[in-house]
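As a plain string of letters, each chain reads:
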Amino acid sequence: MTNVNPVNWFDIHVSNLQSAKEFYETVFNIKLIDFPIEFGKQSGFPFDPKGLNITGALVEKEDYIASSNNTVVYFESKDCTTEENLVAQAGGKIIRPKMSIGEFGFVSILMDRDGNTIGLHSMK
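Basis of the calculations
- Residues numbered from 1 in each chain as written.
- Predicted model: local features only at pLDDT ≥ 70, side-chain atom pairs only at ≥ 80, totals over all residues.
- Heavy atoms only, no water.
- Salt bridge = Lys/Arg side-chain N within 4 Å of Asp/Glu carboxyl O.
- Buried < 20%, exposed > 50% of the residue type's maximum accessible area, 1.4 Å probe, protein only.
- Helix = DSSP H or I, 4+ residues; strand = E, 2+ residues; numbered from the N terminus.
- Phe/Tyr/Trp six-rings, centres within 6.5 Å; stacked < 30°, edge-to-face > 60°.
- Lys NZ or Arg CZ within 6 Å of the ring centre and 35° of its normal.
- Core = buried A, V, L, I, M, F, W, Y, C linked by side-chain atoms within 4.5 Å.
- Contact = heavy atoms within 4.5 Å.

*Asks:* Honestly, the pattern of salt bridges in this entry has me stumped. Any pointers?
*Replies:* This model, assessed by the stated rule, comprises four salt bridges. A salt bridge links K31 to E25; its shortest N-O distance comes to 3.8 Å. Judged by its relative accessible area of 60%, K31 is exposed. For K41, the salt bridge is made with E60, and the minimal N-O distance between the two is 3.5 Å. Taken together, the residues span a long stretch of sequence, with K41 in the loop between β2 (33-34) and β3 (42-44) and E60 in strand β4 (residues 55-60) at a distance of 19 residues. Note on K41: relative accessible area 45%, which makes it partly exposed.

*Asks:* Please explain unusual backbone geometry as it appears in this structure.
*Replies:* With glycine set apart, most residues show a phi of negative sign, and most peptide bonds adopt trans. Of note, the phi angle at N29 is positive, near 55°, even though the residue is not glycine. Assignment of secondary structure puts N29 in the loop between α1 (17-28) and β2. Residue classification places N29 among the exposed positions, given a relative accessible area of 71%.

*Asks:* Quick question: what am I supposed to make of the packing of aromatic side chains here?
*Replies:* Aromatic ring pairs are described here by two measures, namely the spacing of the ring centres and the angle between the planes. Across all of its chains, the model carries six aromatic pairs by this definition. A ring pair is formed by F10 and F45, whose centres lie 5.5 Å apart and whose planes are at 55°; its orientation type is tilted. Of this pair, F10 sits in strand β1 (residues 7-14) while F45 sits in the loop between β3 and β4, and the two are 35 residues apart along the sequence. The burial state of F10 is the same as that of F45; both residues are buried. In textbook terms, an aromatic cluster arises when at least three aromatic residues are bridged by ring pairs, as seen for F10, F23, Y24, F28 and F45. When the ring centre of F106 is taken as reference, the NZ or CZ atom of K98 above it lies at 4.6 Å.

*Asks:* Which parts of the structure should I look at to understand the nonpolar core?
*Replies:* As a rule of thumb, nonpolar side chains are buried together in soluble globular proteins. In terms of nonpolar packing, the biggest core is built from nine residues, these being F10, I12, V14, L17, A20, Y24, L32, F45 and L58. Taken together, the elements giving at least two residues each to this core come down to β1 and α1. Discounting chain neighbours no more than four positions away, the residues touching L17 are K41, Q42, S43, L58 and E60. Counting residues in hydrophobic clusters, the runner-up holds five residues, among them V72, Y74, I101 and V107.

Have a look at this one:
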């Protein structure tokens, strides 16, 4: 096992994208970028693809319920199915199996033993 941080993305679920954008843009003095609507209502945080920082997005959810578990951290993977195949054995559940997100690769959504939602991201 190598000592490399596998985190590469996060989603912060919100009830109203415009309101959430105003909050984060004001607090952090940044400008968020709206994503294509085919991915749902989302706005991304700025980042440098060649930099060391990770990035993520505000994601509007119709069924949003305020809780402390509305942030999803995505872990980088060579192929999401590799980790999916280990989820049940590790005591978790697959919420959404590997799916395409177009030119941005693939994601899977999982639940850990404590009910936390996490994601996987891969390019293949």
